[in-house]
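Below are the chains, spelled out letter by letter.
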Amino acid sequence: MAGITVRIPKLDRTQRLWLRYLIADLEGDSDRMRRIGHLLDELRKRPV
């Protein structure tokens, strides 16, 4: 069976959280979306 190799670029912490948030949205998991949303809010408050 032949497969297709896909290279996934390295993501930073915020990008990984957004990806998890979007997956939770697609799955309809509002509790997980809320938890990840709180983490994203906290990261946004931090100075760079």
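To start, this report covers the structure provided alongside it. What you see is a predicted model; the values in this text were computed from it and never measured.

Before going further, it helps to examine a nonpolar patch on the surface. On the surface, Ile4, Val6 and Ile8 cluster together into a nonpolar patch covering about 400 Å² of accessible area. The topology assignment puts Ile8 in the segment before helix H1 (13–27). Looking at Ile8, the relative accessible area reads 71%, which means it is exposed.

On to the environment of Ala24, then. Inspection of the secondary structure assignment puts Ala24 in helix H1. As a C-alpha pair, Ala24 and Ile4 span 20 residues in sequence and 26 Å in three-dimensional space. Once residues lying within four places of it in the same chain are set aside, the contact partners of Ala24 are Asp29, Arg32 and Met33.

Let us now look at helix H2 (residues 30–45). If you check H2, its first and last C-alpha atoms are 23 Å apart, about what 16 residues at 1.5 Å a residue would give, namely 22 Å. Within H2, the full set of buried residues consists of Met33, Ile36, Gly37, Leu40 and Leu43. In a view along the axis of H2, the buried residues occupy a sector of 120°, so they form one face of it. Away from the buried face of H2 by more than 90 degrees, exposed residues Arg35, His38 and Lys45 are located. Where the residues of H2 are buried, they touch H1.

Conventions and cut-offs
- Counting restarts for each chain, with residues numbered from 1 along the sequence as it is written.
- Since the coordinates come from a predicted model, pLDDT governs what is reported: local features require at least 70, and pairs of side-chain atoms require 80 or more to be given and counted, while whole-chain, interface and lining totals use all residues.
- The side-chain figures draw on all heavy atoms in the structure; neither hydrogens nor water molecules are used.
- For patch detection, residues must exceed 30% relative accessible area and be free of salt bridges, and they are connected within 9 Å for like charges or within 5 Å for nonpolar side chains (Val, Leu, Ile, Met, Phe, Trp, Tyr).
- Per-residue and other accessible areas follow the Shrake-Rupley method at a 1.4 Å probe size, with only the shown protein chains counted as cover for residues.
- The salt bridge criterion pairs a side-chain nitrogen of Lys or Arg with a carboxyl oxygen of Asp or Glu, the two atoms within 4 Å.
- To qualify as a helix, a DSSP run of H or I must reach at least 4 residues; to qualify as a strand, a run of E must reach at least 2; elements of each kind are numbered from the N terminus.
- Buried, partly exposed and exposed residues are distinguished by accessible area as a fraction of the type maximum, computed with a 1.4 Å probe on protein chains only: under 20%, between the cut-offs, and over 50%, respectively.
- Here, two residues are considered to be in contact whenever any of their heavy atoms come within 4.5 Å of each other.
- Expected helix span is given by 1.5 Å per residue-to-residue step, counting one fewer step than there are residues.
- By definition, the arc is the one covered by directions from the helix axis to the C-beta atoms.

The values are spatial; any link to function lies outside them.
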